[in-house]
Amino acid sequence: MKTIGILTSGGDAPGMNAAVRSVVRSAESMGITVKGVLRGYNGLIENNITDLDIRSVSDIIHRGGTALFTARCPKFKTEEGIQEAVKNCRDNGIEGLVVIGGDGSFRGARELSLRGIPCIGIPATIDNDISSTEYTIGFDTAMNTVVEMVDKLRDTACSHDRCSVVEVMGHGAGDLALQCGLAVGATSIVIPEKGYNPEEIIEKIRSTHKRGRNHFIIIVSEDLCDVRQLAKEIENATGIESRATIIGHVQRGGNPSLRDRVVASKMGYAAVQLLNDGIGNRIVALKDNKIVNYDIIESLDMEKTFDAETYMLADIISI
Ligand code: ADP
Ligand code: F6P
């Protein structure tokens, strides 16, 4: 393979740049030229493609966001859009493509692979919601951002004897809420895997209040409830002053953590190695902390496992 393309797609995640840098420089070491496709699949459809070399990816390993820009591209879900993308790949001499994104982006990669453009997916999303991998690039940075924000909220909750109800992102997966909930000492962690039960949350607050606790943190994964409403319910039921905070898109930004830079660099290298070996239609993943790869179609069908032990532990020690 002489020329490959690379794009970032879906929600940005800290560490995407480290992956791009690794792909470009790993390719160079194997004698492969890299073309950067801008703004996700939009760039493939609109032929917005630029040459990358080892210096174009200088000074980005430590930056959040993505230097290739990202987007959601509804047209790529149509046959017409996919065909335009295939044509532009061929016209630009792109023989293989590295797609950095979440499972939506991998569905797009699967479509290209099925039409003769071998693709390798690199998992990058703050949600850690991709079933085939233990870890997605960006998750560690986002967790640390949440912990930093909630530690600040705790100062206020503690000073005022309040309850702080905090919504974090997750896109249907409770990983971010669960890990962060444990790390910030949340009284309750509300995640899609366990469902939303306001009575249970209020009961936990009451029981820990009786045992001498005067301030409370409740971590809620997005889309499960209206956190302002929940804060009101808690205040009405317990008499404890409550406030709601939605952390929002700050979770997506910031300089990538060490872990995200290292995993991104390793995954980038593994992706290029596969293409160089003539292998496409794979997702690079982390299993038992080692880099592995799976068939895209099989990986999209895998079921995500729930970390019940961490959930139980967080509940046991939040008294
Ligand atoms: P993520 O990759 O973070 O999960 P999305 O689900 O928003 O993000 O998907 C990103 C993009 O991937 C979509 O805007 C679309 O261009 C492409 N995509 C998603 N699903 C499909 C699909 N079934 N077929 C083709 N392309 C898809
Ligand atoms: O997938 C990353 C993510 O930040 C999710 O946690 C969240 O549900 C979604 O993207 C928000 O998307 P948008 O950028 O469209 O607001």
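Residues numbered from 1 in each chain as written. Chains lettered and ligands numbered in written order. Predicted model: local features only at pLDDT ≥ 70, side-chain atom pairs only at ≥ 80, totals over all residues. Heavy atoms only, no water.

As for a nonpolar patch on the surface
Then comes step 1: Together, Met312, Leu313, Ile316 and Ile317 make up a nonpolar patch on the protein surface, roughly 400 Å² of accessible area in all.
Then comes step 2: Considering the arrangement of structural elements, one finds methionine 312 in helix α11 (residues 308–317). (Patch = residues over 30% accessible without salt bridge, like charges linked within 9 Å, V, L, I, M, F, W, Y side chains within 5 Å. Areas by Shrake-Rupley, 256 points an atom, 1.4 Å probe, with all protein chains shown as cover. Salt bridge = Lys/Arg side-chain N within 4 Å of Asp/Glu carboxyl O. Helix = DSSP H or I, 4+ residues; strand = E, 2+ residues; numbered from the N terminus.)

Regarding the packing of aromatic side chains
Then comes step 1: Under the criterion given, the structure shown has three aromatic pairs.
Then comes step 2: One Lys or Arg, arginine 39, reaches over the ring of phenylalanine 69 and ends 4.2 Å from the middle of that ring.
Then comes step 3: In this arrangement the basic side chain of arginine 259 is found over the ring face of tyrosine 135, its NZ or CZ atom lying 4.0 Å from the centre. (Phe/Tyr/Trp six-rings, centres within 6.5 Å; stacked < 30°, edge-to-face > 60°. Lys NZ or Arg CZ within 6 Å of the ring centre and 35° of its normal.)

Comments concerning the side chain of asparagine 88
Then comes step 1: Checked against the element boundaries, asparagine 88 lands in helix α3 (residues 79–91).
Then comes step 2: In this structure, asparagine 88 is in contact with Leu44, Ile45, Glu46 and Asn47, ignoring residues within four places of it in sequence. (Contact = heavy atoms within 4.5 Å.)

Observations regarding the sheet that holds strand β7 (residues 188–190)
Then comes step 1: As summarised here, the arrangement of the four strands in space is β7-β8-β6-β9, forming an open sheet in which the pairing is parallel. Two strands close off the open sheet at either side, each with one partner strand: β7 and β9 (242–246). When strand polarity is set aside, the average angle formed by the axes of neighbouring strands in this sheet is 15°.
Then comes step 2: Bridge analysis of strand β6 (residues 163–168) against strand β8 (residues 216–221) gives six bridges, and the strand direction is parallel. The residue bridging serine 164 from the neighbouring strand is isoleucine 217, located in β8.
Then comes step 3: Across the sheet, helix α8 (residues 227–238) is in contact with β6, β8 and β9; its angle to β9 comes to roughly 165°. (Pairing = 2+ DSSP bridges. Axes fitted to C-alpha atoms, helices over the stretch in contact; angles between N-to-C directions.)

Describing the site of ligand 1
Then comes step 1: As a matter of local geometry, ligand 1 sits amid 15 residues, with Arg72, Cys73, Gly102, Gly104 and Ser105 nearest to it.
Then comes step 2: Here an oxygen atom of ligand 1 sits 2.7 Å away from a polar atom, N or O, in the main chain of cysteine 73.
Then comes step 3: Backbone polar atom of glycine 104 to an oxygen atom of ligand 1: 3.0 Å apart, as the coordinates give it.
Then comes step 4: Look at ligand 1: alone it shows 560 Å² of surface, and the protein chains cover 81% of it.
Then comes step 5: If one sorts the elements of the shell around ligand 1 by residue count, helix α4 (residues 103–114) sits on top with six residues.
Then comes step 6: Its residues placed into classes, the shell around ligand 1 shows three nonpolar, seven polar and five charged. (Near = heavy atom within 4 Å. Polar contact = N/O pair within 3.5 Å; in protein donor to acceptor, adjacent residues only side chain to side chain. Nonpolar A, V, L, I, M, F, W, Y, C, P; charged D, E, K, R; others polar.)

As for the environment of methionine 267
Then comes step 1: One can find methionine 267 in helix α9 (residues 258–276).
Then comes step 2: Taking the C-alpha atoms as reference, methionine 267 lies 8.4 Å from valine 23; in sequence the two are 244 residues apart.
Then comes step 3: Among all residues touching methionine 267, those that are not within four sequence positions of it are Ile122, Pro123, Thr133, Tyr135, Ile137, Val284, Ala285, Leu286 and Ile291.

Details of helix α6 (residues 175–184)
Then comes step 1: Most of α6 is tucked away: seven of the 10 residues are buried.
Then comes step 2: Taken together, the buried positions of α6 are Asp175, Leu176, Ala177, Leu178, Cys180, Gly181 and Val184.
Then comes step 3: Phi turns positive, to about 70°, at glycine 185, one or two residues after α6. (Buried < 20%, exposed > 50% of the residue type's maximum accessible area, 1.4 Å probe, protein only.)

Here we look at the domain arrangement of the chain
Then comes step 1: Domain annotation of the chain identifies domain 1 (3–138 + 256–300) and domain 2 (140–252).
Then comes step 2: Measuring from the centre of the C-alpha atoms in domain 1 to the corresponding centre in domain 2 gives 34 Å.
Then comes step 3: If you look at the interface, domain 1 gives 14 residues, while domain 2 gives 11 residues.
Then comes step 4: Broken down residue by residue, the surface that domain 1 buries against domain 2 is led by Asp12, Ile126 and Asp127, which jointly contribute 46%.
Then comes step 5: Counting across the domain 1 and domain 2 interface gives one salt bridge.
Then comes step 6: For the side of domain 1 that touches domain 2, the class distribution of residues is five nonpolar, four polar and five charged. (Domains from an automatic or database assignment. Buried area = accessible area lost by both parts, 1.4 Å probe.)

Topic: the packing of α6 against α11
Then comes step 1: Interhelical geometry of α6 versus α11 gives an angle of 30° and a closest axis separation of 10 Å. Considering the angle they form, α6 stands roughly parallel to α11. Between α6 and α11 lies a crossing whose hand is left-handed. Side by side, α6 and α11 meet where Leu178, Gln179 and Leu182 of the first sit next to Thr310, Tyr311, Leu313, Ala314 and Ile317 of the second. (Parallel < 35°, antiparallel > 145°, perpendicular 65-115°, else oblique. Left-handed = near helix turned anticlockwise from the far one by under 90°.)

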